[in-house]
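# Fold and contact review
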Amino acid sequence: MIINSTIISNNLFFRAELASFLAPAVGQLESKWKLCYNALASGWEPKIFHRNCDNKTHTVTIIGKSANVFGGYTDIPWESPSSGTWGETLNAFIFFLKESERLPPFKCFAKDKSKAIYKSSGYGPIFGEDTGLHICSKFSQGRAEAKVTISESYSVPAEVNDKYNVLAGTAAACFLHDNYEVFYLA
């Protein structure tokens, strides 16, 4: 998999796990992904994400927060209607990457196709309902905040005991992440 992510670029384990997660979704292990958005480089405003990533299919969002790396994949395009709308697909998933003996990397599949992703000009990528993985429009210290839980729209692997704190490693309703990037299948 060719993905030039600043978040996972130096970690061969993360790169291999993400490649294994994406291969069944895109039908190939050797795939090339092109960057459409990097929050640190481009700016944290949702309008920049939408300007660069709207109407692109097969996107993967990678979020870094300390030692935790997580994100989501969707096969349907992002859009930026002013009044939000749901994107319907069963091919979306949320993933978690961390080198830990306690919990291996995992992915959570969309189980409610009607609420797989949420598209709105006021937000960055949103996977699942309000309690799901989403980049808030609220800003702090010049960065967008994020809320992260595994929402009811997604399955939860049996080994995950705490769907509210597992992805970011925090119980905070909103937190600052280090960076997030979005790539599309080129």
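Position labels on residues start from 1 in each chain and follow its written sequence. Predicted model: local features are reported for residues with pLDDT of at least 70 only, side-chain atom pairs are reported and counted for 80 or more only, and whole-chain, interface and lining totals are derived from all residues. Excluded from the side-chain calculations are hydrogens and water; all other atoms, namely the structure's heavy atoms, are used.

As annotated in an unreviewed UniProt entry, the chain carries the name TLDc domain-containing protein and comes from Acropora cervicornis.

## Some points on the state of the cysteines
In this description, the term disulfide denotes a pair of cysteine sulfurs within 2.5 Å. Using the criterion set out here, one finds 1 disulfide in the structure. Covalently, C36 is tied to C53 through a disulfide, its sulfur atoms 2.3 Å apart. With the S-S bond torsion at 105 degrees, the cross-link from C36 to C53 turns out right-handed. Of this pair, C36 sits in strand β1 (residues 33–38) while C53 sits in helix α3 (residues 46–53), and the two are 17 residues apart along the sequence. Only protein chains enter the area calculation, which uses a 1.4 Å probe; residues under 20% of their type maximum are buried, those over 50% are exposed, and those in between are partly exposed. According to the relative accessible area criterion, C36 is buried, its value standing at 8%. Overall, the relative accessible area of 0% leaves C53 in the buried class. Only DSSP runs of H or I with at least four residues qualify as helices, and only runs of E with at least two residues qualify as strands; both kinds are numbered from the N terminus onward.

## Observations concerning helix α1 (residues 12–26)
The terminal C-alpha atoms of α1, which comprises 15 residues, lie 20 Å apart, in line with the 21 Å expected from a rise of 1.5 Å per residue. Residues of α1 that are buried include every one of F14, L18, A19, F21, L22, A23 and V26, and no others. Between two residues, a contact is recorded if the distance between any of their heavy atoms is within 4.5 Å. Looking at the buried positions of α1, the neighbouring elements they touch are β1, β2 (59–65), β3 (68–74), β5 (93–97), β6 (106–109) and β12 (179–185). Residue G27 follows α1 closely and has a positive phi angle near 80 degrees. To estimate how far a helix should extend, the number of its residues minus one is multiplied by 1.5 Å.

## Notes on unusual backbone geometry
The backbone of N55 shows a phi angle near 70 degrees, a positive value even though the residue is not glycine. Along the polypeptide, N55 turns up in the loop between α3 and β2. Looking at N55, the relative accessible area reads 61%, which means it is exposed. The phi angle at H58 is positive, at roughly 55 degrees, despite the residue not being glycine.

## Thoughts on the sheet that holds β12
A sheet is described by the order of its strands in space; here 6 strands give the open sequence β1-β12-β2-β3-β5-β6, paired in antiparallel fashion. What marks the edges here is a single partner per strand, and that holds for β1 and β6. Recorded for the sheet is a direction-independent mean angle of 20 degrees between the axes of neighbouring strands. As defined by bridge partners, β3 adjoins β5 across 5 bridges and the pair is classed as antiparallel. For Y73, the partnering residue across the bridge sits in β5 and is F93. Here α1 sits on the sheet and contacts β1, β2, β3, β5, β6 and β12; the angle it forms with β5, its principal contact strand, is near 165 degrees. Fitted lines through C-alpha atoms serve as axes, helices being fitted only where they are in contact, and the angles separating the N-to-C directions of these axes extend from 0 to 180 degrees. Across the sheet, α3 is in contact with β1 and β12; its angle to β1 comes to roughly 155 degrees. Paired strands, as defined in this entry, are two strands with at least two bridges between them according to DSSP.

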